[in-house]
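# Descriptive structure summary
The lines below spell out each chain.
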There are 2 protein chains.
Amino acid sequence: MLTNPRSDRVKAVRALSRRSVRSRTGLFLAEGPQAVREAVRFAPDQVPDVYVTAEAAERHPEIVAAAEAGGLFLHEVSPEVLEAMCDADHPQGVVAVCRWAEPALDVALGALPPDAVVCVLTNVRDPGNAGTVIRGADAAGADLVVLSDSSVDVRSPKVVRSSVGSLWHLPIVTGVPIPVILDALRARGIRLLAADGSGATVLPEADLARPHAWVLGNEAWGLEPEVRDACDEVVRVPIHGRAESLNLAMAATLCLYASAAARDARR
Amino acid sequence: MLTNPRSDRVKAVRALSRRSVRSRTGLFLAEGPQAVREAVRFAPDQVPDVYVTAEAAERHPEIVAAAEAGGLFLHEVSPEVLEAMCDADHPQGVVAVCRWAEPALDVALGALPPDAVVCVLTNVRDPGNAGTVIRGADAAGADLVVLSDSSVDVRSPKVVRSSVGSLWHLPIVTGVPIPVILDALRARGIRLLAADGSGATVLPEADLARPHAWVLGNEAWGLEPEVRDACDEVVRVPIHGRAESLNLAMAATLCLYASAAARDARR
């Protein structure tokens, strides 16, 4: 059992809350039972180490079983060690060190089904928003999420937490400039729908019959004009009451669920 | 100009971040230009005092104009005074003291249109969630939001902030026990739809043709069984991918937008 919260190993894990360390090592941290369970279930070969307290191991036998089945390194740690490793206030007794493995954009695009629905985020800066949109994209059955290089690091602890495991459920591509993303999607015959309050088309009238990508911008100032102009259609979620707008995650979820409904209706 | 951050007036305003003080005085705080603008625009007779820095007054002439048109007390304050008054880290130079005025439940129900859509929250504890759901209900054109007595105080600073002004856009009733809410809605002929992951009916197949209320529960553990059983139908938002669930605000927004779409289709 690891009991020394000041050991080099603990410091190395804790350092993964820093972006520079994540970039250099290619590693990041999944904190708490839900995130660790999904990492171990969906990407066991990308989980070098799981750290768990005795109490959490007893409370979550499914994590221990999955980790053992996957041949992962499962380390028992004291509560003090676990707390020292984490960014979260209440990691609930278990964390996993994960390797970030993402497909190249062209590989991810090549693997899309013919009726693809893609979610593109550009300039999204708030980790909670990014994670919640990824969760919504997963729930809506989207095939791919692409984050431009101007967006938050999806491996940051807050994104991981707010995605509630969805980070391991669907392919995610990051770090590509937005013009490259839009060109690559268009070259694959995927229509580009900008989600923007200024849209001339209202969501229920958007053409969702063909493969398409929702392009979503910054939570405060929306899409840059040049990105909006580069899209095939600008679509707005209708506001029925007096609210000025919806937040990013709500707008994204409504758009992606409209895509799911259109796909269901066709199948 | 008020310049003493330690004055009794400043302390009295600051104290409104405490629930006990809000209950006793019937007052609460709107922080930041967006919340203050909507309060002053939609409920000027419920805004005893507006406090603004010289800089914010210059940046937001529409707030000053609306406050003056409504005959409100507009006080210029130093940045130090404004900061001392606030719960928010960045109140952006303007706060308003507001009086909480809500209709009684039977009055609110009596004022509903024949094709009413109502949003009921019970046991919702996170202020950010409550405010975001209220914003979503506003955007979806819901006619009324009712929060049970077991829910968060909607006048808390975080709810006010996350509702982004929607608190002043539609009637909100609070503090009523959930059985009383459900009985009163039913007596008005309003169908009760429990939004719950266990639902037998999937959202696109729910009967939204008649007046109805969405009943939503706690963000972590959902609806209590007795509340679910008291509803006419239990409806789940379909999960198309591998996500375990959606968060409360996303589920609420999808349900309420489905109601709006059904209403639009009928009109």
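Scroll up for the structure.
Rules used throughout
- Residues numbered from 1 in each chain as written.
- Chains lettered and ligands numbered in written order.
- Predicted model: local features only at pLDDT ≥ 70, side-chain atom pairs only at ≥ 80, totals over all residues.
- Heavy atoms only, no water.
- Pairing = 2+ DSSP bridges.
- Helix = DSSP H or I, 4+ residues; strand = E, 2+ residues; numbered from the N terminus.
- Axes fitted to C-alpha atoms, helices over the stretch in contact; angles between N-to-C directions.
- Contact = heavy atoms within 4.5 Å.
- Parallel < 35°, antiparallel > 145°, perpendicular 65-115°, else oblique.
- Left-handed = near helix turned anticlockwise from the far one by under 90°.
- Nonpolar A, V, L, I, M, F, W, Y, C, P; charged D, E, K, R; others polar.

## Examining the sheet that holds strand β3 (residues 73-76) of chain A
Residues and elements named next belong to chain A. Sheet architecture is open: 4 strands sit in the order β1-β4-β2-β3, paired in mixed fashion. Edge positions in the sheet fall to β1 (27-31) and β3, since each of these pairs with one other strand and no more. With strand direction ignored, the average angle separating the axes of adjacent strands in the sheet is 20°. Pairing of strand β2 (residues 49-52) with β3, which is carried by 4 bridges, proceeds in the parallel orientation. Residue pairing in the sheet places tyrosine 51 in a bridge with histidine 75 of β3. Lying on the sheet, helix α3 (residues 33-42) is in contact with β1, β2 and β4 (94-99); it crosses β4 at an angle near 40°.

## A few points about the packing of helix α8 (residues 127-139) of chain B against helix α12 (residues 248-266) of chain B
Residue and element names in this part refer to chain B. Viewed as axis vectors pointing N to C, α8 and α12 meet at an angle of 15°, and their least axial separation amounts to 9 Å. One element, α8, and the other, α12, form an angle in the roughly parallel class. Crossing angle aside, the handedness with which α8 passes α12 is right-handed. Facing α8, whose interface residues are Asn129, Thr132, Val133, Gly136, Ala137 and Ala139, α12 presents Leu248, Ala249, Ala252, Thr253, Leu256 and Tyr257. Of the residues in the contact of α8 with α12, the class split is 8 nonpolar, 4 polar and no charged.

## Structural notes on unusual backbone geometry
Even without being a glycine, Asn123(A) presents a positive backbone phi close to 65°. In this fold, Asn123(A) is placed in the loop between β5 (117-121) and α8 (127-139). For Val164(B), which is not a glycine, the phi torsion comes out positive at approximately 45°. Counting through the fold element by element, Val164(B) comes out in the loop between α9 (157-163) and β7 (172-176).

## Considerations on the sheet that holds strand β4 (residues 94-99) of chain B
All names here are of chain B. Reading across the sheet, the 4 strands line up as β1-β4-β2-β3 and stay open at both edges, with mixed pairing between neighbours. Unpaired on one side and paired on the other, β1 (27-31) and β3 (73-76) mark the two borders of the sheet. Neighbouring strand axes in the sheet, compared pairwise and without regard to direction, differ in orientation by 20° on average. In the sheet, β1 pairs with β4 via 5 bridges, with the strands oriented antiparallel. When the sheet's bridge partners are listed, leucine 29 is paired in β4 with valine 97. Of the strands in this sheet, β1, β2 (49-52) and β4 are in contact with helix α3 (residues 33-42), which crosses β4 at around 40°.

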